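Letter by letter, the chains look like this.
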Amino acid sequence: MADFSLALNEDQLQIQKWVHEFAERVVRPAAAEWDEREETPWPVIQEAAKIGLYSWEAMAQFFADPTGLLMGIVNEELFWGDAGLGLSIFGSCLGVAGILNNGTPEQVMTWVPQCFGTADDVKLAAFCVTEPNAGSDVSSLRTRAVKDGSDWVLNGTKCFITNGGIADVHVVVATIDPALGARGQGSFVVPRGTPGLRQGKKERKMGIRASHTAEVLLDDVRVPAEYLLGGEDKLEARLARAREGGRTASQAAMRTFEASRPIVGAQAVGIARAAYEFALDYAKERTQFGRPIIENQAIAFTLADMAMEIDAARLLVWRALWLARNGEGFQGAEGSMSKLKAGEVAVWVTERAIQILGGYGYIRDFPVERWYRDAKIYTLFEGTSEIQRLVISRAISGVHIR
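Residues numbered from 1 in each chain as written. Predicted model: local features only at pLDDT ≥ 70, side-chain atom pairs only at ≥ 80, totals over all residues. Heavy atoms only, no water.

Attention now moves to a nonpolar patch on the surface. A contiguous nonpolar surface patch, about 350 Å² in accessible area, is contributed by Tyr360, Tyr362 and Ile363. Mapped onto the elements of the fold, Ile363 is located in the loop between helix 12 (359–362) and helix 13 (368–375). Relative accessible area serves as the criterion here: at 33%, Ile363 is assigned to the partly exposed category. (Patch = residues over 30% accessible without salt bridge, like charges linked within 9 Å, V, L, I, M, F, W, Y side chains within 5 Å. Areas by Shrake-Rupley, 256 points an atom, 1.4 Å probe, with all protein chains shown as cover. Salt bridge = Lys/Arg side-chain N within 4 Å of Asp/Glu carboxyl O. Helix = DSSP H or I, 4+ residues; strand = E, 2+ residues; numbered from the N terminus. Buried < 20%, exposed > 50% of the residue type's maximum accessible area, 1.4 Å probe, protein only.)

With that settled, consider the pattern of salt bridges. Inspection of every chain in the model, using the stated rule, returns 26 salt bridges. Arg389 serves as the salt-bridge partner of Glu344, at 3.0 Å between the closest nitrogen and oxygen. Note that Glu344 is positioned in helix 11 (residues 334–357) and Arg389 in helix 14 (residues 385–397), a separation of 45 residues in sequence. Relative accessible area serves as the criterion here: at 42%, Arg389 is assigned to the partly exposed category. A single salt-bridge network, built from bridges that share partners, covers Glu76, Glu77, Arg273, Glu277, Asp311 and Arg314.

Mapping Ala174 onto the fold places it in strand 4 (residues 169–175). With 33 residues separating them along the chain, Ala174 and Leu141 place their C-alpha atoms 6.8 Å apart. When residues no more than four places from it in sequence are discounted, the contact partners of Ala174 are Thr143, Arg144, Ala145, Gly184, Gln185, Gly186 and Phe188. (Contact = heavy atoms within 4.5 Å.)

Of note in the backbone geometry, Glu38 takes a positive phi value of approximately 55 degrees without being a glycine. As for its position among the elements, Glu38 is in the loop between helix 1 (10–37) and helix 2 (42–50). On the accessibility criterion, Glu38 (18% relative accessible area) is buried. Backbone geometry places Phe160, a non-glycine residue, at a positive phi of 60 degrees. By secondary structure assignment, the location of Phe160 is in strand 3 (residues 151–162). A residue is classified by how much of its surface remains accessible, and Phe160, at 54% relative accessible area, is exposed.

These results come straight from atomic positions and should not be treated as a statement about function.
Now the structure itself:
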């Protein structure tokens, strides 16, 4: 216990500073423009690729941190800059996580570099799970994968997919044996340009507008057997155990979401911190009735609560990241706790920031209204707040609460 410390090491501090400077120099000045345009900010992604931030090598370095914290630290700093641009840069990581958590070592080495490309030829990845009739209930996926000779044929519709249709690598979760529900699913790599794969409706969103979100349509999409993540032998063994009523590993989509929830929580912390810092500076400078408004307890106490909630959320995120790397996984739904707390803190803090700015907080001349719009998605995607509470309640009680 004497060696326990929450102090960041020198490598973590240097990378934190590097990402923060990029967020301050490149991301923030471009944020309002790309939010208005609602288009993929290719110049910003390319700038991130040029400095090595958007690359397979950087992601490997972040994930290799023995404390488990570095990926969260990096996300907090980037999303402090802007969430829409942050997701346009790191949105590929969910597809990457799908490959890392479900693929063989050979598949990881083949496909993960293709999710990023190079500084001169940037690529994107997408993780395709959600469907029009299957959001939180991933056991109800209707996208089917059927074996046909040596190939697999996929049919279905995915919705709300980050980088959907424009990604170079789509990781698609499909049902193989409908009778098994979530245990009868598998993940497939579908490269861009595969016949039958196309983009459907592009969504117009309340927030994170610079991040591309669209339907992915699969119409007799044929992929070879080696594009099944994990391989057919592993799949057949898992399906056999499920059919016999035995225990199986958590299914493909949930393994990815469990790994990503603390990272998503770190993104929400970054948004909250941006709004808090802006509101604090504003409260020190804004005068009413002859004095700065921070001298009023109502304002000062609100800022104190904002700072406390952000720190509490960050500590839950760091605990979950550390447990995922150094512990025995999430025994008490610690990943869900971190995402739930951080997402709700982001919404509350950004709303409080608008209140502190008053009318100025409501207009687009100031960034807090954008941060508020961006924050709301963190109580919805990768499991709503209600789903996180369901996961937590089941973990602490051992009861299958519905």
